[in-house]
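Per-entry structural report
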Amino acid sequence: MEKAALPRDGWQAAMLIALAALSGAGVAHLIGVPAASLSGAMVGAGLLILFGGFAARIPTPAVTLLFTFLGVSMGAGVTPDALAKAHTWPLSLALMALGTVAVTLAVYAYLVHAMKWERKAAYFSAIPGALSYVLAIMQDARGDVARVAQSQSLRVFLLIAILPSIVVLIGHGHAAVPPVQGPPTGELTLMFLAGMAGAFIGVRLKLPAGALVGAFLASAALHGADIVHGRPPRWMMEAGFIILGTYIALRFQGIHPREVARNLKASLGAFVVALAVAAATALLASHLLSIPLGQTIIAFAPGGIEAMVMLAFMLDLDPAYVAVHQLGRFMLMLVLVPVMARFVLGRGWRDTR
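Residues numbered from 1 in each chain as written. Predicted model: local features only at pLDDT ≥ 70, side-chain atom pairs only at ≥ 80, totals over all residues. Heavy atoms only, no water.

The name that an unreviewed UniProt entry assigns to the chain is Ammonia monooxygenase, with the source organism given as Aureimonas altamirensis DSM 21988.

Along its length, the chain carries 15 helices and 0 strands. In terms of overall size, the chain behaves like a compact globule, its C-alpha atoms giving a radius of gyration of 20 Å where 353 residues would be expected to give roughly 20 Å. Here the C-alpha coordinates of the chain stretch approximately 65 × 60 × 40 Å along the principal axes. Across the chain, the fraction of contacts at a sequence separation of at least 24, relative to all contacts at a separation of at least 6, is 77%. If you sum the accessible surface of the chain, you get close to 16100 Å²; carbon and sulfur atoms cover 67% of it. Taking the average location of the 23 positive side-chain charges in the chain and that of its 14 negative ones, the two points are 11 Å from each other. (Helix = DSSP H or I, 4+ residues; strand = E, 2+ residues; numbered from the N terminus. Rg over C-alpha atoms; globule rule 2.2 N^0.38 Å. Contact = heavy atoms within 4.5 Å. Areas by Shrake-Rupley, 256 points an atom, 1.4 Å probe, with all protein chains shown as cover. Lys, Arg positive; Asp, Glu negative; His and termini not counted. Charge placed at Lys NZ, Arg CZ, Asp CG, Glu CD.)

All right, on to the packing of helix H8 (residues 145–169) against helix H12 (residues 257–289) then. Axes are the key here: two packed helices are described by the angle between their axes and the distance separating the axes. Contact geometry for H8 and H12: axes closest at 9 Å, N-to-C directions at 55 degrees. Classified by the angle their axes make, H8 and H12 are oblique. Considering only the axes of H8 and H12, their crossing is right-handed. Mapping the contact onto sequence places Arg147, Gln150, Ser151, Leu154, Arg155, Leu158, Leu159, Ile162, Leu163 and Ile166 in H8 and Glu259, Val260, Asn263, Leu264, Ser267, Leu268, Phe271 and Leu275 in H12. Considering only residue class, the contact of H8 with H12 consists of 11 nonpolar, 4 polar and 3 charged. (Axes fitted to C-alpha atoms, helices over the stretch in contact; angles between N-to-C directions. Parallel < 35°, antiparallel > 145°, perpendicular 65-115°, else oblique. Left-handed = near helix turned anticlockwise from the far one by under 90°. Nonpolar A, V, L, I, M, F, W, Y, C, P; charged D, E, K, R; others polar.)

What follows is about helix H3 (residues 60–75). Here H3 is 16 residues long and its end C-alpha atoms lie 22 Å apart, about the 22 Å a rise of 1.5 Å per residue gives. Every buried residue belonging to H3 is among Val63, Leu66, Phe67, Thr68, Phe69, Leu70, Gly71, Val72, Ser73, Met74 and Gly75, and all of these are buried. The secondary structure elements touched by the buried residues of H3 are helix H9 (185–204), helix H10 (210–224), helix H11 (234–249), helix H14 (305–314) and helix H15 (319–345). (Expected span 1.5 Å × (residues − 1). Buried < 20%, exposed > 50% of the residue type's maximum accessible area, 1.4 Å probe, protein only.)

Membership of the largest hydrophobic core comes to 114 residues, with the highest contact counts inside it found for Leu38, Leu70, Tyr123, Phe124, Leu163, Ile298 and Met308. Tallying contributions element by element places H15 first for this core, with 12 residues. (Core = buried A, V, L, I, M, F, W, Y, C linked by side-chain atoms within 4.5 Å.)

Turning our eyes to something else, we now look at the pattern of salt bridges. Pairing is possible between side chains of opposite charge, provided their charged atoms come close. Tallying each qualifying case throughout the model produces 1 salt bridge. Arg234 is the salt-bridge partner of Glu238, the closest N and O atoms lying 2.7 Å from each other. Separated by 4 residues within a single helix, Glu238 and Arg234 lie in helix H11, roughly one turn from each other. (Salt bridge = Lys/Arg side-chain N within 4 Å of Asp/Glu carboxyl O.)

Even without glycine at this site, Ala35 takes up a positive phi of about 50 degrees. Of note in the backbone geometry, Lys116 takes a positive phi value of approximately 60 degrees without being a glycine. On the secondary structure map, Lys116 appears in the loop between helix H5 (89–114) and helix H6 (119–126). For Lys116, a relative accessible area of 66% corresponds to the exposed category.

Another point: the packing of aromatic side chains. Evaluated as defined, the whole model comprises 6 aromatic pairs. Measuring from centroid to centroid gives 4.9 Å for Tyr123 and Phe124, while their planes differ by 75 degrees, and the two rings are edge-to-face. Both residues of the pair, Tyr123 and Phe124, count as buried. Cluster of aromatic residues (ring-pair linked, three or more members): Tyr108, Tyr123 and Phe124. When the ring centre of Trp117 is taken as reference, the NZ or CZ atom of Arg147 above it lies at 4.3 Å. (Phe/Tyr/Trp six-rings, centres within 6.5 Å; stacked < 30°, edge-to-face > 60°. Lys NZ or Arg CZ within 6 Å of the ring centre and 35° of its normal.)

Laid out in structure tokens, this is it:
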């Protein structure tokens, strides 16, 4: 008698994905991978989802709660000493903007000329971040949405898996979040109440990653004003990192390994080109402004806001600096994507015929 196959979705599949995430995080901690809980959970869950065909979803309220908690945690890095260095940020933001344009054009050129991709798919795959916005435009323009989604998702996956090790290797950042004494219960309660209020406002204002950014700004205001001190207990933060890693891995649901293999060479090449150009710009900003190189690399990296800010926090780099730059790049993309599309693809780029 044949054994019944495991269901590919439902609560059993969700439990298997959670177990894979926990196992991945555990293995990453054992071998000393930087940002182990986030990157290990993402790799463990991602491999099971991609090659096992399992599917699950995290309910929207739970995602909002997760990002609220992570935002509150990240705000703990915004100290009065960190804010005192903010006078260097305007020039750094200008360099980030130039780097964003350079990354887009370099990856576009690589995909079109080296990999012979169709121009529209190459351009939107080259956009560094703002995936939901890019896919919405692609849907209207009847472009190859699946190819763009895969390319962008693989880039974020590779960034989270590889970037922490690069930052630690060059001598900037720590392999694990340094232990910090937790705040008193009253201050912790105030942090979470402010974080929930900030998350609500961020979602209502439709900010990118609204719950995380809103909670982060609220918590940062309290910490920057020296009203509260410290961050939530370590076990709570590690649990949040594992859930975030799993959430990112869920992007690979419904994608067949053959599809990934078909676009793997182009996606890996695009990742290398994007990271090289972003790193060169980050090196320039670090040299001119005396900012740690690891910090500028993560701030300029072509990844999602949530993931990059969390990496800064986990590596004990300035999360406020990274958050401002990642948010700034997203806002820049809202304006720049259609403008550059007309320049790169021509006036009729929206033509769906």
